[in-house]
Amino acid sequence: MKKKLLSIVIPTYNMERYLHRCLNSTLIEKRHLLEVIIVNDGSQDMSLEIAREYEYKYPETFKVIDKGNGNYGSCVNRGIDEAIGQYFRILDADDYFDKDALSELIEKIESFDHEPDLIISNYQEDYPDGYSNYIINHQYKYNNLYLFNNVVLGKQKGGYLAVMHRMTYKLEVIRTSMLRHLEGISYTDSEYCFYPLRKVKTIMFLNITLYHYQLGREGQTVSELAYQKNIHNLYRIIDRMLNSFKKEEKNLPYYKSLICIIQINLKVYYKTILTGNFEHNEDLNAMDDRIKVFDKELYEYLGSIKKYHIIPIVKLWRKGIKPNSPFFLWIYRIIGRRLKLIRK
């Protein structure tokens, strides 16, 4: 069997509209060094047939796994079990890679004298109106091999460093971390970012914009409506992360990076409940009390969360003012309309 430098797992559920673009983005000149694992999660459309076409045409690169529906995490878990590449990463079926950047990544992996446990690349957010936002690293030098003890994967200008779209792990690190995603729920991509970090010793930042992250698609799990509907899933993920900590870890160098990943999830959790799903207020009260005891700095950060960068919704809520009251809902509508006019 030929050596594979990179295993790419593509969780797929009813993605016939986007799957050709996604798979075509992996057809680089050195595709024989790639292992592309398409995990069909019980799709009801033509996704499986499309995946089989690529497997038949490029058997040295594509591998199709067809299974019953178990949601995103079950697909990633199966991909980890099947992968044979030196490195591992996820590509969502409605997103795609920049082919030149993927080629550059493979060439870089080939040339490593000392292989980093984690590679952080740049990514691009694409919107239906044609607008694109480039999320790049402003904090660390490119192509330097850093000890992870000297790095914090936190928030920087333009966005967070520890998000799935950026992260390519050594498969050995994934396996050693015993990463198993929760199954049957959404938003488990943050688990891919979180749990393996405890096993990372070295890290490198590459100046390549590899991942095209598509936003604004109807039915996406990252829409406000989807978050409101699935807020209990987000709670389970945060709860599991918090439960994973041992007391001594607060003094370890990677602690701040782990907290930044929890921070991303908590920010969404607080905002979703306080601006549209207030029936979970009791759960939020319990979570807020828990965070106050767990990490004071994180608690203070959450107090700074604002709606439309103006309204301090968490501070108001902590003072007993309901940010989803008719008055504030009216303010949200007014500000939202004005922001849409400004964008136009």
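Reading the values: rules and limits
- Residues numbered from 1 in each chain as written.
- Predicted model: local features only at pLDDT ≥ 70, side-chain atom pairs only at ≥ 80, totals over all residues.
- Heavy atoms only, no water.
- Patch = residues over 30% accessible without salt bridge, like charges linked within 9 Å, V, L, I, M, F, W, Y side chains within 5 Å.
- Areas by Shrake-Rupley, 256 points an atom, 1.4 Å probe, with all protein chains shown as cover.
- Salt bridge = Lys/Arg side-chain N within 4 Å of Asp/Glu carboxyl O.
- Lys, Arg positive; Asp, Glu negative; His and termini not counted.
- Charge placed at Lys NZ, Arg CZ, Asp CG, Glu CD.
- Helix = DSSP H or I, 4+ residues; strand = E, 2+ residues; numbered from the N terminus.
- Axes fitted to C-alpha atoms, helices over the stretch in contact; angles between N-to-C directions.
- Parallel < 35°, antiparallel > 145°, perpendicular 65-115°, else oblique.
- Left-handed = near helix turned anticlockwise from the far one by under 90°.
- Contact = heavy atoms within 4.5 Å.
- Disulfide = S-S within 2.5 Å.
- Buried < 20%, exposed > 50% of the residue type's maximum accessible area, 1.4 Å probe, protein only.
- Pairing = 2+ DSSP bridges.
- Right-handed = clockwise from strand over helix to strand, strands pointing away.
- Expected span 1.5 Å × (residues − 1).
- Arc of directions from axis to C-beta.
- Polar contact = N/O pair within 3.5 Å; in protein donor to acceptor, adjacent residues only side chain to side chain.
- Nonpolar A, V, L, I, M, F, W, Y, C, P; charged D, E, K, R; others polar.

Peer 1: Sorry if this is basic, but what is going on with a negative patch on the surface here?
Peer 2: Side chains of Glu29, Asp100, Glu104 and Glu107 sit close together on the surface and give a patch of like negative charge. Position of glutamate 29 among the secondary structure elements: in the loop between α1 (19–24) and β2 (34–41).

Peer 1: Explain the packing of helix α8 (residues 231–243) against helix α10 (residues 281–294) to me, please; I cannot follow it from the model alone.
Peer 2: Axes are the key here: two packed helices are described by the angle between their axes and the distance separating the axes. Orientation of α8 relative to α10, taken along the N-to-C sense of each, is 25 degrees, at an axis distance of 13 Å. The pairing of α8 with α10 is recorded here as roughly parallel in orientation. Seen along the crossing, α8 lies across α10 with a hand that is left-handed. Between α8 and α10, the contacting residues are Tyr235, Ile238, Asp239, Leu242 and Asn243 on the first element and Met287, Arg290, Ile291 and Phe294 on the second.

Peer 1: Hey, could you run me through the state of the cysteines in this one?
Peer 2: Two cysteines joined by a covalent bond between their sulfur atoms form a disulfide. Per the counting criterion, the structure on display carries zero disulfides. Cysteine cysteine 22 shares no disulfide, and the gap to the nearest cysteine sulfur, in cysteine 75, comes to 13 Å.

Peer 1: Explanation requested: the pairing of β2 in the structure shown.
Peer 2: Where a strand is regular, its side chains alternate between the two sheet faces. Of all the eight residues making up β2, eight are buried; the element is thus mostly covered by neighbouring parts of the structure. Of the two faces of β2, the one lined by Leu34, Val36, Ile38 and Asn40 and the one lined by Glu35, Ile37, Val39 and Asp41 are each fully buried. Summarising the sheet, strand β1 (residues 6–12) and β2 pair through seven bridges and their orientation is parallel. Of the residues in β2, the one forming a bridge with valine 9 is isoleucine 37. In this fold, the crossover linking β1 to β2 by way of α1 has right-handed handedness. With six bridges joining them, β2 and strand β3 (residues 62–67) adopt parallel strand pairing. Pairing of asparagine 40 across the sheet is with aspartate 66, part of β3.

Peer 1: When you look at unusual backbone geometry in this model, what are you seeing that I'm missing?
Peer 2: Most peptide bonds adopt trans geometry, and most residues besides glycine take a negative phi value. If you check the backbone angles, asparagine 143 has positive phi at about 70 degrees while not being a glycine. Summarising the element assignment, asparagine 143 is placed in the loop between β7 (132–135) and β8 (145–147). Not every positive phi belongs to a glycine, and methionine 178 is a case in point at roughly 60 degrees. Relative to the assigned elements, methionine 178 resides in the loop between α5 (171–176) and α6 (189–194).

Peer 1: It is not clear to me how the environment of threonine 188 should be interpreted in this structure. Could you clarify?
Peer 2: By secondary structure assignment, the location of threonine 188 is in the loop between α5 and α6. Ignoring any residue separated from it by four or fewer positions in sequence, one finds threonine 188 in contact with Tyr72, Gly73, His181, Leu182 and Ile237.

Peer 1: Any chance you could explain helix α4 (residues 99–111) here in plain terms?
Peer 2: Side chains that are three or four residues apart share a direction in an α-helix, a result of its 3.6 residues per turn. The end-to-end C-alpha distance of α4 is 19 Å, a good match for the 18 Å that 13 residues give at a rise of 1.5 Å each. Within α4, burial applies to Ala101, Leu102, Leu105, Ile106 and Ile109. Seen end-on, α4 carries its buried residues on one side only, within an arc spanning 140 degrees. Where α4 begins, one side-chain oxygen reaches toward the backbone nitrogen of aspartate 100, 3.1 Å away; that side chain belongs to aspartate 98.

Peer 1: Just checking my understanding: could you explain the pattern of salt bridges for this structure?
Peer 2: The full count for this structure, using the stated rule, is twelve salt bridges. A salt bridge links aspartate 81 to arginine 180, with the shortest nitrogen-to-oxygen separation between them at 2.9 Å. With aspartate 81 in helix α3 (residues 71–82) and arginine 180 in the loop between α5 and α6, this residue pair connects regions lying 99 residues apart in the sequence. Judged by its relative accessible area of 35%, arginine 180 falls in the partly exposed class.

Peer 1: When you look at the pairing of strand β6 (residues 118–126) in this model, what are you seeing that I'm missing?
Peer 2: Most of β6 sits out of view: nine of its nine residues are buried. Summarising the sheet, β6 and strand β12 (residues 202–214) pair through eight bridges and their orientation is parallel. The residue of β12 that forms the bridge with aspartate 126 is glutamine 214. Two strands pair when backbone bridges link them, and β6 and β7 are joined in this way by four bridges, in the antiparallel orientation.

Peer 1: It is not clear to me how the packing of helix α9 (residues 255–274) against α10 should be interpreted in this structure. Could you clarify?
Peer 2: Axis separation between α9 and α10 bottoms out at 11 Å; the angle between their running directions is 155 degrees. Viewed along their axes, α9 and α10 adopt a mutual orientation that is roughly antiparallel. As for the relative orientation of α9 and α10, their crossing is left-handed in sense. Contacts from Tyr255, Ile259, Leu266, Tyr269, Tyr270, Ile273 and Leu274 of α9 reach α10 at Asn281, Asp283, Leu284, Met287, Asp288, Ile291 and Phe294. When its residues are assigned to classes, the contact of α9 with α10 shows eleven nonpolar, one polar and two charged.

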